[in-house]
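# Analysis of the macromolecular model
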Amino acid sequence: MRLPLTCMKCAVGANASSHPPYPKYVELRDDGRYEFTCEKGHTTVTVLQEQKFEVLFDLGAYAILDGYYREAVASFTSSLERFYEFFIKASLFEDGLEESAFAETWKEVSSQSERQLGAFIFLYLKCFSERPALLRPKQIKFRNEVIHKGKIPSRSEAIDYGQAVLETIRPIMQRTKTALPIGVQQTVLNHLKNSRKQDESQSVTTMTIATTISLNDGSGNEPSLEEALSEKEWWRARW
Ligand SMILES: [Zn+2]
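Quick summary incoming for the structure in this document.

## Things to note about the packing of aromatic side chains
Tallying each qualifying case throughout the model produces 15 aromatic pairs. Judged by centre distance (6.3 Å) and plane angle (25°), the ring pair of Phe83 and Phe86 falls under stacked. Here Phe83 pairs with Phe86, and both are found in helix H3 (residues 69–94), just three residues apart, close to one helical turn. Relative accessible area serves as the criterion here: at 0%, Phe83 is assigned to the buried category.

## With respect to the sheet that holds strand S5 (residues 204–207)
Spatial ordering of the open sheet is given by S3-S4-S5, a layout of three strands whose pairing is mixed. Whereas interior strands pair on both sides, the edge strands pair on one side only; in this sheet they are strand S3 (33–37) and S5. Sheet twist, expressed as the mean angle between neighbouring strand axes with direction ignored, is 30°.

## Quick word on the environment of Val26
Residue placement: Val26 occurs in strand S2 (residues 24–27). Sequence-wise, Val26 and Pro4 are 22 residues apart; in three dimensions their C-alpha atoms are separated by 6.5 Å. The residues contacting Val26, other than those within four sequence positions of it, are Arg2, Leu3, Leu5 and Tyr34.

## Section: the coordination of the zinc ion
Distances from the zinc ion to its protein donors, Cys7 (SG), Cys10 (SG), Cys38 (SG) and His42 (ND1), fall at 2.1 to 2.3 Å. One can describe the site at the zinc ion as tetrahedral: its four donor atoms subtend angles covering 104 to 115° at the metal. A relative accessible area of 15% places Cys10 in the buried class.

What counts as what
- Residues numbered from 1 in each chain as written.
- Predicted model: local features only at pLDDT ≥ 70, side-chain atom pairs only at ≥ 80, totals over all residues.
- Heavy atoms only, no water.
- Phe/Tyr/Trp six-rings, centres within 6.5 Å; stacked < 30°, edge-to-face > 60°.
- Helix = DSSP H or I, 4+ residues; strand = E, 2+ residues; numbered from the N terminus.
- Buried < 20%, exposed > 50% of the residue type's maximum accessible area, 1.4 Å probe, protein only.
- Pairing = 2+ DSSP bridges.
- Axes fitted to C-alpha atoms, helices over the stretch in contact; angles between N-to-C directions.
- Contact = heavy atoms within 4.5 Å.
- Donors = N, O, S within 2.8 Å, 3.2 Å for Na, K, Ca; no water.
- Tetrahedral: all angles 85-135°; square planar, octahedral: opposite > 155°, others 65-115°.

Below you can see the structure in the form of structure tokens.
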């Protein structure tokens, strides 16, 4: 999976008679920060607005298109775990918690996903007075076999699992956007801020991409994983 980046300085300078600059495709980065120099020597910094869980889910989808089904299951699993982190942040920031306090406490759970899941379940209970819908035991068993026991999943097993993750995240994400608007906004803002350097002197552009699970998308359009795969395949054939 790569991102198309366009030099904003060249894009602004383009007029009706000249072709707008072609995008340059860059590899994904963990920090969401993309610094590149165009053919004319302009250096620009672009920060990706999408949250980790949104990007990781699409990485899983591309892994399916590439035939790497174990990797797809791993990326879908990471997407769900990072979604739980997103929810935990949104619910705490909704109540006005400082990010530094969150970051300090997160260290206690950062390397143990079971602890994070526990935090998610009880913060969800606090927000909505009911327990959250989680992955079913059958899917958890499948995931553990793939990730810990070297099981080689088929394409359809990977898609079923990805679809289950999609159906777990989407309703909770919609509910979170409605119930915790301040917390969601603060989580997005912190994410953008953390992708910048402390002493950033040059201008930074924010970029957003269309992902299968999309916090930004208010269209109500919720494609299944199969539909999202068809669409990605169509686009990729034209790169
Ligand atoms: Zn340029």
